[in-house]
Amino acid sequence: MVKVIVNGKEVEVSEGSVVLDAIKKTGYSVPTLCFFKGVYNEAACRMCLVELPNGKLVPSCAYPVSDGLKITTDSERLRKTRRMVLELILAVHKMKCYQCARKGGFCLLLDFAKEFGVEGIPVCAECPLHGEDCLLVKGEPCLGFLTVAGCGSPCTREGTPCFGCRGPVTREDVIESAVKRFIEHGVDLRDLHSRMKLFWSSFPQFKHVFDLVLKYEKKYMGEKK
Amino acid sequence: MTWNLMDKCCDKCWHTLEYPCRNYIRCRIEGPLCHDDPDCRRKREYRIREILYGKTGFKIKVPMASCTIAAGAQEVYKAVLDEVKSRGINADVTISGCMGMCYMDPWIELSKTGMPSAIYANVKPGQVSKIISEYLGGDVSSAYALRNHTGKAKGEDKVPLLEELPQWKNQVRWVSRNCGIVNPESIEEYIALGGYRGLDKALKMKPEEIIEIIKKAGLRGRGGAGFPTWLKWKIAREQPGDVKYVIMNADEGDPGAFMNRLLAESDPHRVLEGLIIAAYTIGASKGFIFVRAEKPLMAERLSKAVEQARKYGLLGKNILGRGFDFDVEVILSAGAFVCGEETALIAAIEGRTRPRQRPPYPATKGLWGKPTIINNVETLAHVATIMAEGWEKFASMGTEKTKGTKMFCVTGAVQRTGAYEVPVGTTIKKLVEEIAGGPGEGRRIKAVQIGGPSGGCVPASLLTTPIDYETLQKAGAIMGSGGIVVIDDKSCMVDVAKFFTSFTVAESCGKCFPCRIGMKILYDTLTRITEGKGREEDLEILRELGEIVRSASLCALGGTAPNPVLSTLRYFEDEYLAHVRDKKCPAKVCRNLVEYWINPEKCIGCGTCKQNCPSNAISGEPGKKHVIDVSKCIRCGQCFIVCPVGAVEKR
């Protein structure tokens, strides 16, 4: 048995185990994506990084324990790194949830994306309508600009404005530019609000997003007058 | 048939492959040791003289290494052979390795008893006849350098001695001592020059004593990371189990670095000797030489060396009668840059791909789960030399933390491109300006890129930095394998960073996300900046993402890949800002940010530019000043190239 200190808490684990075992034993948790005990242990996703006292980041799923090893599982730097890694994965992820076997049901990637506040691309990116065909440009209350992609945009494809069933994007700059567009193209704001409430009110981040929408509506409506 | 130095001198010598003599190596030169026979002694002395000066007293040496062959050494060799044959001269035409001074390739060396050894640089096949007749006529005035003075030849005082040239004088040729002198395809010649002495000495010691000697010498791995060699060996030696492996890492992939290739092509027996010593020290019975397949001559020379060593009992069972068995296999790499990383190299030998997480380090769990040590070619050459020459001399060179010498390949904007060996701690300035000759008249060094695609750019203001692992790391670069690319003011630093990033993007194995996706995004951002679509936030993205890729990547490739971006961003931020703010490229390299115009003062109205313009952007009558229509110009640069008076300028 070797002693490992996780966030100042001592724990004993058997020799030959990895840091992740020790972390689990203390009750702390680190996000893991590619790790599957006994099946895949290649430390490829770099989500489970932990910090050593010398400032090195090591993957907890593959780093062997040694006596007196001190590790930190949570810090500003670690959170930033994990978030960035997640952003990188989502940046090239195809987000074809509608084709995926998981159907967004048991998807670690989406769960982490929600947890870290990293969204993928909005529905607009998948939408085949561009330019003059865009529903938003036509003045229809389409929420595609503010909704997380992955559905394959079945509604807008058929000419129906997006209902936002996959939840809102929370990034402030995206919301700001979306609201700017809504006002620019003369979308009916009351219609828009009711549409937002339809699906989004069940999402925990709804209040935050809605407040931001109202804030920027006030700003840009004022500018327009 | 002539008697070979490696053969028995008479029937009294009882050495066979089955029952080897312990003093076999020493006996070759100092011998005979087991019996006293003046005839046998004379036989050896005569043969050694023959090897060193040629049978006929007139030796013509043509270098045969990848670099010289590329410069045309094979044609020169053929021309020399033809010349010797047609004139009926009694001469030995032999090959040698590369001297490391690539700017004078292909060179030939002529030496005749009573005449100074003369080196002729940049020889063309057509000049061979003239050179030989001049030399035989006692005139050396057209030589590039001489190895010695005799005072008998004509024009001797005009030609400098090789030792007096700045590029030779400032070097300390420790591992490269035989490069350009010894015939790389002859084990006999290597032994005549004192080779395999280190092995002879090492096999008489206990492995712990060898580790102690390497520790006292203070040798650190020359592959880039600078891990103490003795410690690696000690860890591997202390591992339980009797199956261990040694691997020579000859997978040199950095653009601009070729010192391993040079060593292994010019003096392959020295590196092989180092490998055998390493195997004896850790108790391995099987070794691998992992050679890059793109360097076929290097693989050929090493295979030949292994074959010869096996033939004379320096590899195989019961080496030199010490009860130590060891054999070597040469393996060709599939050519991926990442295979230079030790865990990826092991995976490649095992038949898998991609690196794995360390620890466990290969010294405890490596090839097929057994303790394995992986050493660079240059490190092993150092080991052989230290064992032969003693650690005191090695430890007296270098800095406090790093002892000895290191080979550096200086390329780019310098007059004398080549591989030079200097003590660690020599300043970059001395290496680049005194030895390599600087960038030439009217040009200015802007930065020096050290360590290949994983290294960084050191600006001209830091050229006085002594080269050492720690000091370079502080400056934002790494020692790496030792490739130095000199960048002058004609290069754009954003473009340089983009070039090195494109290399790592292509060579990333794709296992871990930060390296695979992060580097691609870095490259895309740099491309955007060079195309004039950059924003000021991009610099922050580069900095932040580079830091993440560096700290979160799995292996050393990703861990060092952002270095070119981060170091140029650190020292040349103004150039990046000029690209994103003013949309101007200060060095006028980035195509989309350059505007061509015709200087009316210089234009002679010849119309060449108008004829060559693919987009009809140039207008003007013959004999009158021409003008470029910027809105039509596609910036192909044709007019810039074809203008006979240089009137087309960039702005």
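Calculation criteria
- Residues numbered from 1 in each chain as written.
- Chains lettered and ligands numbered in written order.
- Predicted model: local features only at pLDDT ≥ 70, side-chain atom pairs only at ≥ 80, totals over all residues.
- Helix = DSSP H or I, 4+ residues; strand = E, 2+ residues; numbered from the N terminus.
- Rg over C-alpha atoms; globule rule 2.2 N^0.38 Å.
- Buried ≥ 20, exposed ≤ 12 C-beta atoms within 10 Å, placed from the backbone.
- Contact = placed C-beta atoms within 7 Å.
- Domains from an automatic or database assignment.
- Pairing = 2+ DSSP bridges.
- pLDDT = per-residue confidence, 0-100.
- Nonpolar A, V, L, I, M, F, W, Y, C, P; charged D, E, K, R; others polar.
- Axes fitted to C-alpha atoms, helices over the stretch in contact; angles between N-to-C directions.
- Left-handed = near helix turned anticlockwise from the far one by under 90°.
- Expected span 1.5 Å × (residues − 1).

**Q** Please provide a residue-by-residue account of the overall build of chain B, values included.
**A** If you tally the helices and strands in chain B, you get 26 helices and 18 strands. By the compact-globule yardstick of 26 Å for 651 residues, chain B fits well, its C-alpha radius of gyration being 28 Å. When the backbone C-alpha atoms are referred to their principal axes, chain B occupies close to 95 × 65 × 40 Å. A buried classification covers 53% of the 651 residues belonging to chain B.

**Q** Provide a residue-level description of the overall build of chain A, including the pertinent values.
**A** Of the regular secondary structure elements, chain A holds seven helices and five strands. The helix and strand sequence of chain A, counted from the amino end, reads β-β-α-β-β-β-α-α-α-α-α-α. Expected size for 225 residues packed as a compact globule is a radius of gyration near 17 Å; at 22 Å, chain A overshoots this value by more than 25%. Viewed in the frame of its principal axes, chain A has a C-alpha envelope of about 70 × 35 × 25 Å. Burial status across chain A gives 35% buried among its 225 residues. Excluding contacts between residues fewer than 6 apart, the proportion of contacts in chain A whose partners are at least 24 apart in sequence is 57%.

**Q** Hey, could you go over the domain arrangement of chain A for me, with residue numbers and the actual values?
**A** Segmentation of chain A into domains returns domain 1 (2-87) and domain 2 (94-224). The interface is formed by six residues belonging to domain 1 of chain A together with six residues belonging to domain 2 of chain A.

**Q** Requested: an account of the pairing of strand β10 (residues 405-412) of chain B, with residues and values cited.
**A** A regular strand carries its side chains on alternate faces of the sheet. All names here are of chain B. Taking burial as the measure, the eight residues of β10 include eight buried ones, the bulk of the element. Here β10 shows a buried face lined by Thr405, Met407, Cys409 and Thr411 and a second buried face lined by Lys406, Phe408, Val410 and Gly412. Connecting β10 to the next strand, strand β11 (residues 418-423), in antiparallel fashion are five residues. Here β10 runs beside strand β14 (residues 483-488); their pairing, made up of four bridges, is parallel. Considered in β14, the bridge of Gly412 is made with Val486.

**Q** I'd like to hear about the confidence of the model for chain B, residue by residue, with values.
**A** With 100% of its residues at a pLDDT of 70 or more, chain B has an overall mean of 87. Both confidence scores are given for the complex: pTM 0.85, ipTM 0.77.

**Q** I'd like a rundown of the confidence of the model for chain A, residues and numbers included.
**A** Looking at chain A, pLDDT values average 84 and 97% of them are 70 or higher. Averaged over each element, pLDDT in chain A is lowest for helix α3 (residues 108-116) of chain A (79) and highest for strand β3 (residues 49-51) of chain A (89).

**Q** How would you sum up the interface of chain B and chain A? Please name residues and give values.
**A** Of the residues lining the interface, 15 residues belong to chain B; the matching set on chain A comes to 17 residues. With five residues, the top contributor of residues to the side of chain B that touches chain A is helix α20 (residues 513-530) of chain B. Counted by class, the side of chain B that touches chain A contains 10 nonpolar, three polar and two charged residues.

**Q** Give me the lowdown on the packing of helix α12 (residues 268-282) of chain B against helix α13 (residues 296-311) of chain B, citing residues and values where you can.
**A** Residue and element names in this part refer to chain B. Their axes nearest at 9 Å, the elements α12 and α13 cross at an angle of 65 degrees. Helix-helix and strand crossings are classified by hand; for α12 and α13 the assignment is right-handed. Contact residues: α12 offers Pro268, His269 and Leu272, while α13 offers Arg301, Leu302, Ala305, Val306 and Ala309. Counted by class, the contact of α12 with α13 contains six nonpolar, one polar and one charged residues.

**Q** Quick rundown of the sheet that holds β10(B)? Include the residues and the values.
**A** Residues and elements named next belong to chain B. Taken in spatial order, the five strands make up an open sheet running β11-β10-β14-β12-β13, and their pairing is mixed. In this open sheet, the two strands that pair with only one neighbour each are β11 and β13 (456-459). The mean inter-strand angle of the sheet, taken between neighbouring strand axes irrespective of direction, is 30 degrees. Pairing analysis gives six bridges linking β10 to β11, with the strands arranged antiparallel.

**Q** Kindly report on the domain arrangement of chain B, identifying the contributing residues and their values.
**A** Along its sequence, chain B is carved into domain 1 (1-51), domain 2 (54-164), domain 3 (187-395), domain 4 (405-490), domain 5 (494-580) and domain 6 (595-650). The straight-line distance from the C-alpha centre of domain 2 of chain B to that of domain 5 of chain B is 48 Å.

**Q** Summarise helix α21 (residues 537-552) of chain B; cite the residues concerned and give the values.
**A** For α21(B), built from 16 residues, the straight-helix expectation of 22 Å at 1.5 Å per residue is met to within 8% by its first-to-last C-alpha distance of 22 Å. Every buried residue of α21(B) is listed here: B:Leu542, B:Leu545, B:Gly546, B:Ile548, B:Val549, B:Arg550, B:Ser551 and B:Ala552.

**Q** Can you tell me about the sheet that holds strand β2 (residues 92-96) of chain B, naming the residues and giving the values?
**A** Residues and elements named next belong to chain B. Reading across from one edge, β2-β1-β3-β4-β5 is the order of the five strands in this open sheet, with mixed pairing throughout. A strand with exactly one partner marks an edge of an open sheet, and here the two such strands are β2 and β5 (145-146). As judged from the five bridges shared by strand β1 (residues 58-63) and β2, these two strands associate in the parallel manner. Pairing of Val62 across the sheet is with Ile95, part of β2.

**Q** Break down the pairing of strand β6 (residues 245-250) of chain B for me, with residues and values.
**A** All names here are of chain B. For β6, a buried count of six out of six residues is recorded, marking the element as mostly surrounded by other parts of the structure. Burial along β6 is two-sided: Tyr245, Ile247 and Asn249 facing one way and Val246, Met248 and Ala250 facing the other are all buried. Where β6 lies against strand β7 (residues 286-291), six bridges are found, and the strand directions are parallel. In the sheet register, Val246 faces β7, and the bridge partner there is Gly287. Looking at chain direction, β6 and strand β9 (residues 372-376) are connected through five bridges and run parallel. Note on β9: the bridge partner recorded for Met248 is Asn375.

**Q** Quick rundown of unusual backbone geometry? Include the residues and the values.
**A** For residues besides glycine, phi is generally negative; the peptide bonds are generally trans as well. Here the residue pair B:Arg358 and B:Pro359 is connected by a cis peptide bond, since its omega of -10 degrees sits within 30 degrees of zero. The topology assignment puts B:Pro359 in the loop between α14 (342-350) and β9. Looking along the chain, the bond that leaves B:Pro359 and enters B:Pro360 is cis, with omega of 5 degrees. Located in the positive-phi region is A:Arg46, a residue other than glycine, with phi close to 60 degrees. With respect to the secondary-structure elements, A:Arg46 resides in the loop between α1 (19-26) and β3. The phi dihedral of B:Arg635 falls on the positive side, at around 60 degrees, and the residue is not glycine. Overall, the presence of 17 C-beta atoms within 10 Å leaves B:Arg635 in the partly exposed class.

**Q** Describe the environment of A:Gly16, naming the residues involved and giving the relevant values.
**A** All names here are of chain A. Note on placement: Gly16 falls in the loop between β2 (9-13) and α1. For Gly16, a count of 9 C-beta atoms within 10 Å corresponds to the exposed category. Separated by 137 residues in sequence, Gly16 and Ser153 have C-alpha atoms that sit 49 Å apart.

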